[in-house]
Structures are given as structure tokens and as C-alpha cells.
Amino acid sequence: MIRHSKNVHELPIEGTDVKIAMLSDLHWDNPHCDREMLKRHLDYCLAENIPVMINGDMFCLMQGRGDNRRNKSDIRPEHNNAKYLDSIVETAVEWFLPYASILKLIGYGNHETAIIKWQETDILQRFVDLLNYKAGSNVQVGGYGGWLIIKQSPGGRSTSCFTTKIKYFHGSGGGGIVTKGAINLTRALETYENFEVFTMGHIHENSSRNDVRDTVESHPQSGYILKQKHIHLMLTGTYKEEYGDGSQGWHVERGAPIKPLGGRILTIKCVRETTGDRKTTKYIDSHKFNL
């Protein structure tokens, strides 16, 4: 992983058909985090050597002193002590240590930035620093929003590289029961330029769609040619199941529905055409974990 600036990172990957696991909203320290599912997904990525990005709210962090959101039933026993935040960092490092080699980029969510604001400590940076120290890894901390550039090299004798620009943003707003975050994706098309993939978490939805734009690009033999630019947009789900049986709780009382659990796997496939000008076509899609 190469760091170009605070929130611009580049991930070199070899191969014309690559996968990247896109996760968000783990809320790892919350008792409602489905750690069994999270472990299955990370074990799959480890076995298949799939790099992982976490787009914010890796932690929940709501049970500290002075936090109006705190609830005695929403704290795990190992964190119920006088060093609440420290214990989360220490136990998280031990839990994620087997996956340090595939964790590439972790961005901030509103839960992490709230702790910086109210407790004056950066839990995410502390976690990454300790994990890298213990594992000898190169996990990078991103931003609340930023860019992840995927640089594919086919391998073999080829020296060409294919670049895919991913714009990530943890998210804002509460999401809509009817629209399920679709308007957030449309806003991204209005707000950002030159991306091929947009990913957002925060609202605990899990879906994707493909938009196409009519454009022109310069070609060395043909001059300017028409091109349809495909843009992949995705919402990544949570690992925190907070609806339960629907009897009570903040999630239920505000009228929020059951949310889909799990992240998504992004696939980028580059295909060299065998006829004509032998141009390379890029296919981008994503799907939910099927585990």
C-alpha cells in the first residue's frame, strides 16, 4: 500500500482479474456485532488473498464516561473496566492480528471522529499503529472520505498497468426506509469527478448499481472517439445486528427496519480485445459475501 497523501492511497495488485473486499460499519466492540459472520468473511479473504478496505465505523465506542449514548447492556465484559478505550484497542489488535496482512486501508466513521472530538484520542490511529507494530504490517489510515487507487499489473512480460479510481466516503444522513440510500449514490455523481467506483457505508444498507455516462476520449489512431463510461456505485452493509426480535431498543423505537449484514466484494476485470485496435475493456461489479 502506497500513501500519496492523508487520504489518497494506491494499492498495487498483480493480475487482470482482481477482488477487493469492501467493508464498513463493523462496530466490532458492540455486543450486537456478528463476529462469527465477520470472521467467516475475513477468513475467506485470507484464504483467497483478497485485500480488505474498511470504510469507517470499525468501532462503536459509545460506552465511555460522559457519552450520553452509553448503555450498560451494550458493553462487552472484557471492555467493562476503568480503561475502557484502551481495552478496546488492545483486544481489537489481538483479534485482528491474523488478518493484518490483508487489511490495507481503514477510514474514519462518525463513531471514531466522535471520540476524537469528545475524548481527545484517536482510537483508529492507535489501533493501526499497535497492529502494525505487532504484525510488521503496513495497514494505512485513510480519511472520512478519500481515494483508493487500484493499480493492476497483468504480470508476465507485460509492462502495462490498469488504474481504477475508487472514491470512498463513510456517509451522512440516516438513509431512507423507501429509497434505501439510492439518493446518496446520485449525490455522489453530482459531487465527485473521475471516479469509476464509489463506495459508502454509514446507513447500513447493502446494494449496488451501475450508471453509464456518454463521453469522448483521445485515441492515437482514430482521434477523438465516443466512449460509454461505466460507473459502479455501492453501499456496504453493517455487521451490527440491532433489530433483534423487534421488541425494544433505540433502533426499533425510531422505526428503523432490519438491516442487511455483511460487506461486498468488488471485482475488477480487464479484458484485452482480440480484434480491431486491441483495446482493453474493464468490467467492474460487486456482490455480497455469499458466506
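Presented here is an overview of the structure given in this document. (Residues numbered from 1 in each chain as written. Predicted model: local features only at pLDDT ≥ 70, side-chain atom pairs only at ≥ 80, totals over all residues. Heavy atoms only, no water.)

Core analysis: the largest hydrophobic core is formed by 41 residues, its most contacted members being Leu23, Val52, Met58, Phe59, Phe96 and Phe127. Among the elements of the structure, strand 3 (17-23), helix 1 (35-48), strand 4 (52-55), helix 2 (84-96), strand 5 (103-107) and helix 4 (123-135) are those that each provide at least two residues to this core. Among the elements that line this core, the one with the most residues is helix 2, at seven residues. The contact partners of Phe59, leaving out residues within four places of it in the chain, are His27, Trp28, Asp29, Ile88, Ala92, His111, Glu112, Ile123, Leu124 and Phe127. Met1, Ile13, Met234 and Ile268 belong to the second largest nonpolar core, which has 17 residues in total. (Core = buried A, V, L, I, M, F, W, Y, C linked by side-chain atoms within 4.5 Å. Buried < 20%, exposed > 50% of the residue type's maximum accessible area, 1.4 Å probe, protein only. Helix = DSSP H or I, 4+ residues; strand = E, 2+ residues; numbered from the N terminus. Contact = heavy atoms within 4.5 Å.)

Before going further, it helps to examine the environment of Tyr99. Position of Tyr99 relative to the elements: it lies in the loop between helix 2 and strand 5. Taking the C-alpha atoms as reference points, Tyr99 and Pro51, separated by 48 residues in sequence, lie 9.7 Å from one another. When neighbours within four sequence positions are excluded, Tyr99 is seen to be in contact with Lys39, Leu42, Asp43 and Leu46.

Before going further, it helps to examine helix 2. A rise of 1.5 Å per residue sets the reference length of helix 2, with its 13 residues, at 18 Å; its end C-alpha atoms lie 18 Å apart and thus fit the reference within 8%. By the burial criterion, the buried members of helix 2 are Tyr84, Leu85, Ser87, Ile88, Val89, Ala92, Val93 and Phe96. Of the surrounding secondary structure, the elements contacted by the buried residues of helix 2 are helix 1, strand 5, helix 3 (110-119) and helix 4. (Expected span 1.5 Å × (residues − 1).)

This brings us to the pattern of salt bridges. Pairing between side chains becomes possible if they bear opposite charge and their charged atoms approach one another. Considering all chains together, one arrives at nine salt bridges under this definition. Glu217 is the salt-bridge partner of Lys227, the closest N and O atoms lying 3.3 Å from each other. Of this pair, Lys227 sits in strand 11 (residues 223-235) while Glu217 sits in strand 10 (residues 207-219), and the two are ten residues apart along the sequence. The class for Lys227 is partly exposed, based on a relative accessible area of 37%. (Salt bridge = Lys/Arg side-chain N within 4 Å of Asp/Glu carboxyl O.)

So, about a nonpolar patch on the surface. A contiguous nonpolar patch, built from Val216, Tyr224 and Leu226 and spanning about 400 Å² of accessible area, is present on the exposed surface. Mapped onto the elements, Val216 comes out in strand 10. (Patch = residues over 30% accessible without salt bridge, like charges linked within 9 Å, V, L, I, M, F, W, Y side chains within 5 Å. Areas by Shrake-Rupley, 256 points an atom, 1.4 Å probe, with all protein chains shown as cover.)

Turning to the sheet that holds strand 10, a few remarks are in order. Two strands in a sheet stick together by hydrogen bonds in their backbones, pointing the same way (parallel) or opposite ways (antiparallel). Ordered by their spatial adjacency, seven strands build an open sheet running 1-2-7-8-9-11-10, and the pairing between neighbours is mixed. The strands lining the two open edges of the sheet, one partner per strand, are strand 1 (2-5) and strand 10. Sheet twist, expressed as the average angle between the axes of neighbouring strands with direction ignored, equals 20°. As defined by bridge partners, strand 1 adjoins strand 2 (residues 8-14) across three bridges and the pair is classed as antiparallel. Pairing of Ser5 across the sheet is with Val8, part of strand 2. (Pairing = 2+ DSSP bridges. Axes fitted to C-alpha atoms, helices over the stretch in contact; angles between N-to-C directions.)

Moving on, we get to the layout of surface pockets. Estimated volume of the second largest pocket: approximately 740 Å³. Surrounding the second largest pocket, 31 residues form its lining, Met62, Lys240, Glu242, Trp250 and His251 being those nearest its centre. Contributions of two or more residues to the lining of the second largest pocket are made by helix 3 and helix 6 (250-253). Split into classes, the residues belonging to the lining of the second largest pocket amount to four nonpolar, 17 polar and ten charged. (1 Å grid on protein atoms, 1.4 Å probe; cavity = no way out; pocket = protein on both sides within 12 Å on 5 of 7 lines; lining within 4 Å. Points joined across faces, edges and corners; volume = space filled by probe spheres on them. Nonpolar A, V, L, I, M, F, W, Y, C, P; charged D, E, K, R; others polar.)

This next bit is on the pairing of strand 2. Count of turn residues in the strand 1/strand 2 antiparallel hairpin: two residues. In this sheet, strand 7 (residues 145-153) lies alongside strand 2 in parallel orientation, the contact comprising seven bridges. In the sheet register, Glu10 faces strand 7, and the bridge partner there is Ile149.

Structurally, Lys259 can be placed in the loop between helix 6 and strand 12 (264-272). Here Ile203 takes part through its backbone oxygen, which lies 3.1 Å from a polar atom of the side chain of Lys259. Not counting residues up to four positions away in its chain, the partners in contact with Lys259 are Ile203, His204, Glu205, Thr238 and His251. (Polar contact = N/O pair within 3.5 Å; in protein donor to acceptor, adjacent residues only side chain to side chain.)

The subject of this paragraph is unusual backbone geometry. Phi at Leu61 is positive, roughly 65°, even though this residue is not glycine. With respect to the helices and strands, Leu61 occurs in the loop between strand 4 and helix 2. Phi is positive for Glu120, close to 60°, though the residue is something other than glycine. If you trace the backbone, Glu120 turns up in the loop between helix 3 and helix 4. We classify Glu120 as exposed; its relative accessible area is 73%.

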